Amino acid sequence: MNEPQVTVIGAGLAGSEAAWQLARRGIRVRLIEMRPVKMTEAHRTSDFAELVCSNSLRNDSMDTAVGVLKQEMRRLDSLVIASADRARVPAGSALAVDRNDFSRSITAALEQHPMVEIARAEACAIPSGMTILATGPLTSPALGESLNNLIGPRNLYFYDAIAPIVAADSVDMSVAFMASRYGKGGDDYINCPMTEAQYEAFVAAVVAAEKIELHAFEKPVYFEGCMPIEEMARRGPMTLAFGPMRPVGLSEPRSGHRPFAVVQLRQDDSAAHLYNMVGFQTKMTYPDQRRVLRMIPGLEHAEFVRLGSIHRNTFVDSPRLLLPTLQLKTRDDLFLSGQMVGVEGYVESASAGLLAGINAANLLMNRELVVPPPETAIGSLIAYITDSTRRDFQPMNANYGLMPDLKIRARGREKKIQMGNRALSAIDEWIQREQIGPPASMALSEVRL
Ligand SMILES: Cc1cc2nc3c(=O)[nH]c(=O)nc-3n(C[C@H](O)[C@H](O)[C@H](O)COP(=O)(O)OP(=O)(O)OC[C@H]3O[C@@H](n4cnc5c(N)ncnc54)[C@H](O)[C@@H]3O)c2cc1C
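Just so it is clear, the model here is predicted, and its values are computed rather than measured.

Undergrad: Could you clarify how one ought to interpret the domain arrangement of the protein in this entry?
TA: A common way to report how large an interface is uses the accessible area buried once the components associate. Domain assignment breaks the protein into domain 1 (6-162 + 312-443) and domain 2 (165-307). Computed over C-alpha atoms only, the centres of domain 1 and domain 2 are separated by 31 Å. The partner domain 2 presents 18 residues to the 19 residues of domain 1 that form the contact. Three residues stand out in domain 1 for area buried against domain 2, namely Tyr-159, Ile-162 and Arg-312, and they jointly supply 33% of the buried area on that side.

Okay, structure coming up:
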């Protein structure tokens, strides 16, 4: 093979997708994957796009944004989604897969592609020349160091302590109220007030809730100042009331009294569709988070667009560093993709790889670089992570709250489906306008498994 034109580092969900998008456009790719020469703490095999935990790529219906994202990716000839469809196992409305069939299909497609050269080695430094970096949440320390040197230590994070995010229109504002502590800064926060009895019941439920065990490699996280609420609750019944749930400086406007405790929600997007729960990072299981957090007055019917988690994660401050094309602002031939750009989840990571692959190809072919429209699931996610006005950046899942509102009377599921249909029209129009999706040089159906 002649000299590769693009180096892709990391053959996970994002890197595999990026390599495929380049190769199908006739571009020579060098794909560098360190496994099995060097393993991460979570991967077990040498296959590409290994699913390190759940075998589900989550919901596949139009009432969720991640379902719409998959539809958009199918239209963009995604290798990851085509392989998932091929390896599908029954799981109701979710797209769950036989994880071995899924990863083998992706590995075979790339190994057999004439435009892809594979190197099994750890990349210890970011190379010069056109590169897509897709080494994921468990990027090897040597490469992390190289990235650190390039972008500066304040722009690279090594773990997530994520608090849940709630859809604003699902908060009961006849119970919650808008205010800032001591009236400073306007009525910026949504405040959910609690009586002493409600607080005690809540703390007991947090202590009793089922938790996800941290991996051994994630344990040092606590010492870095992101204590989960259940750990605070375990340390004493009043720890939360003196911590993130302290009521000082707030009075409930209807009674004029200071509540016993308060949960504060801070605006998370410029359209004020989303609010995050301040200081509520948690390792409770997802079902228990939904159950326990709905005990909070005002959140009884809350829709959680993202649930809380704490895990090791290498990601960059994308709002400050990246263009919406996923290029580094200071080096236009270096693209970042996957979980490290601050998207959260298998499908979201693959979608970032897909966009980086298209844009690296466009840059090589002297074509305009592209950004998907904000009405789409992929476009709204990319707009969120690269919004340069954002402070305190934390990773994000695809969700309907990121898309521009649809000014119609419908609510709930009906409205979401209409937003999903708008997203698919927008992606079709975009694909046609930008002439994305040239004829494939090799189809997945040609791959021998
Ligand atoms: C423990 C854990 C569990 C998770 N569980 C889920 C889940 O259940 N559901 C979900 O949706 N998301 C989950 N995630 C989040 C995330 O979606 C996945 O981690 C996803 O795989 C990220 O895709 P990626 O392509 O960015 O990274 P990865 O899929 O991790 O791919 C990165 C690749 O880069 C390679 N690599 C790293 N450093 C180097 C180097 N220096 N040189 C060469 N290769 C290198 C790695 O070996 C790996 O193959 C989990 C994350 C972690 C850490």
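Okay, back to it.
Undergrad: Where do I start with the site of the ligand in this structure?
TA: Taken together, 30 residues lie around the ligand, and Ala-14, Glu-33, Arg-35, Gln-339 and Gly-345 are the ones closest in. With respect to the ligand, the backbone of Ala-14 contributes an N or O atom lying 2.8 Å from an oxygen atom. Relative to its free-state accessible area of 970 Å², the ligand is covered by the protein chains to the extent of 93%. Elements supplying a minimum of two residues to the shell around the ligand: α1 (13-23), β2 (29-33) and α11 (346-364). For the shell around the ligand, a count of residues per class yields 13 nonpolar, 14 polar and three charged.

Undergrad: Where do I start with helix α9 (residues 286-293) in this structure?
TA: Counting along an α-helix, one turn takes 3.6 residues, and residues three or four places apart therefore face a common direction. For α9, the complete set of buried residues consists of Asp-288, Gln-289, Val-292 and Leu-293. Down the axis of α9, the smallest arc covering the buried residues is 115°, so these residues share one side. Those residues of α9 that are buried lie in contact with α6 (196-208), β13 (274-277) and β14 (304-306).

Undergrad: Where do I start with the pattern of salt bridges in this structure?
TA: When the charged atoms of two side chains with opposite charge come close together, those side chains can pair. One pass over the full model with this rule turns up 24 salt bridges. A salt bridge links Arg-35 to Glu-50, with the nearest nitrogen and oxygen atoms 3.4 Å apart. Here Arg-35, found in the loop between β2 and β3 (56-59), pairs with Glu-50, found in the loop between β2 and β3; they are 15 residues apart in sequence, far enough to count as distant. Judged by relative accessible area, which is 2%, Arg-35 ranks as buried. Assessed through its relative accessible area of 10%, Glu-50 is described here as buried. Ionic pairing is found between Arg-312 and Glu-41, a salt bridge with its closest N-O pair at 2.8 Å. Linking Arg-312 in strand β15 (residues 309-316) with Glu-41 in the loop between β2 and β3, this pair joins segments that are 271 residues apart in sequence. Note on Arg-312: relative accessible area 16%, which makes it buried. One continuous salt-bridge network, built from bridges that share partners, spans Asp-60, Arg-74, Asp-85 and Arg-88.

Undergrad: When you look at the sheet that holds β3 in this model, what are you seeing that I'm missing?
TA: Picture the strands of a sheet paired through backbone hydrogen bonds; they go either parallel or antiparallel. Strand order in the open sheet formed by three strands is β3-β5-β4, and the pairing between neighbours is antiparallel. Two strands bound the open sheet, and with one partner strand each, they are β3 and β4 (88-89). Relative to strand β5 (residues 94-97), β4 runs antiparallel, the two being bridged by two bridges. Bridge assignment links Val-89 to a residue of β5, and that residue is Ala-96.

Undergrad: It is not clear to me how unusual backbone geometry should be interpreted in this structure. Could you clarify?
TA: In this chain, Arg-35 is followed by Pro-36 through a cis amide linkage whose omega measures 0°. Take Pro-36: it is sitting in the loop between β2 and β3. In this structure, Ala-49 takes a positive phi of about 50° despite not being glycine. Looking at where Ala-49 falls in the secondary structure, it is placed in the loop between β2 and β3. Backbone geometry places Asn-366, a non-glycine residue, at a positive phi of 55°. Position of Asn-366 relative to the elements: it lies in the loop between α11 and α12 (377-385).

Undergrad: Please explain the packing of helix α2 (residues 65-75) against α11 as it appears in this structure.
TA: The interhelical angle for the contact between α2 and α11, taken along N-to-C directions, is 35°, at an axis separation of 10 Å. Classified by chirality, the crossing of α11 by α2 is left-handed. Of the residues in α11, those in contact with Val-66, Leu-69, Lys-70 and Met-73 of α2 are Val-347, Glu-348, Ala-350, Ser-351 and Leu-354. Here the residues of the contact of α2 with α11 are counted per class, giving six nonpolar, one polar and two charged.

Undergrad: Where do I start with the sheet that holds strand β16 (residues 327-328) in this structure?
TA: Ordered by their spatial adjacency, six strands build an open sheet running β6-β2-β1-β7-β17-β16, and the pairing between neighbours is mixed. The sheet terminates laterally at β6 (116-120) and β16, the two strands that pair on one side only. Of the strands in this sheet, β2 and β6 are in contact with helix α4 (residues 99-111), which crosses β6 at around 120°. Helix-sheet contacts for α11 involve β1 (6-9), β7 (131-133), β16 and β17 (331-336), and the interaxial angle to β17 is about 155°.

Undergrad: What exactly am I supposed to notice about the pairing of β2 here?
TA: The side chains of a regular strand alternate between the sheet's two faces. Across the five residues of β2, four count as buried, placing the element largely inside the fold. Alignment of β1 against β2, held across four bridges, turns out to be parallel. From the neighbouring strand, Thr-7 faces β2, where its bridge partner is Arg-30. Since β1 and β2 lie parallel, the crossover through α1 that links them has a hand, and here it is right-handed.

Undergrad: Sorry if this is basic, but what is going on with the packing of aromatic side chains here?
TA: How two aromatic rings sit relative to each other is given by the distance of their centres and the angle of their planes. Enumeration according to the criterion identifies four aromatic pairs in this entry. Joined through ring pairs, the aromatic side chains of Tyr-157, Phe-315 and Phe-393 make up one cluster.

Undergrad: I keep staring at the side chain of Asn-191 and nothing clicks. Help me out?
TA: Looking at the element boundaries, Asn-191 is found in strand β11 (residues 189-194). With relative accessibility at 0%, the residue Asn-191 sits in the buried group. Among the polar contacts listed, one links the side chain of Asn-191 to the side chain of Gln-264, at a separation of 2.8 Å. In contact with Asn-191, not counting residues within four places along its chain, are Ala-176, Phe-177, Met-178, Ala-179, Leu-250, Val-262, Val-263 and Gln-264.

What counts and what doesn't
- Sequence positions are assigned chain by chain, starting from 1 and proceeding in written order.
- With the structure being a predicted model, the display of local features is reserved for residues of pLDDT at least 70 and the display and counting of side-chain atom pairs for 80 or more, all residues being used for whole-chain, interface and lining totals.
- With hydrogens and water stripped out, all remaining heavy atoms of the structure feed into the side-chain values.
- For the purposes of this description, domain bounds are those given by an automatic or database domain assignment.
- Here, residues are in contact when the closest pair of their heavy atoms is within 4.5 Å.
- Put simply, buried area is the surface a 1.4 Å probe can reach on two separate parts but cannot reach once they are joined, added for both.
- Throughout, the term near means that a residue has one or more heavy atoms lying within 4 Å of the molecule or strand in question.
- In protein, a polar contact requires one atom able to donate a hydrogen and another able to accept it; more generally it is a pair of N or O atoms within 3.5 Å, and residues adjacent in sequence count only if both atoms are side-chain atoms.
- Only the protein chains shown count as cover for residues, and all accessible areas are computed by the Shrake-Rupley method using a 1.4 Å probe.
- Each helix is a run of H or I in the DSSP string that is no shorter than four residues. Each strand is a run of E no shorter than two, and both are numbered from the N terminus.
- The classification used treats Ala, Val, Leu, Ile, Met, Phe, Trp, Tyr, Cys and Pro as nonpolar, Asp, Glu, Lys and Arg as charged, and all other residues, Gly among them, as polar.
- Each residue is assigned to one of three classes by its accessible area relative to the maximum for its type, calculated with a 1.4 Å probe on protein chains only: buried under 20%, partly exposed between the two thresholds, exposed over 50%.
- Taken from the helix axis, the directions to the C-beta atoms give the arc we talk about.
- Any carboxyl oxygen of Asp or Glu within 4 Å of a side-chain nitrogen of Lys or Arg constitutes a salt bridge here.
- In this scheme, strands are said to pair when DSSP sees at least two bridges between them.
- Working convention: axes come from line fits to C-alpha atoms, limited for helices to the stretch in contact. Angles between N-to-C directions cover 0 to 180 degrees.
- In this scheme, a crossing is called left-handed if the near helix is turned counterclockwise away from the far one by less than a right angle; it is called right-handed if the turn is clockwise.
- Seen with its strands pointing away from the viewer, a crossover is right-handed when the path leading from the first strand over the helix to the second is clockwise.
- We call Phe, Tyr and Trp rings a pair once their centres come within 6.5 Å, taking the six-membered ring for Trp, and we label the pair stacked below 30 degrees between planes, edge-to-face above 60, and tilted otherwise.

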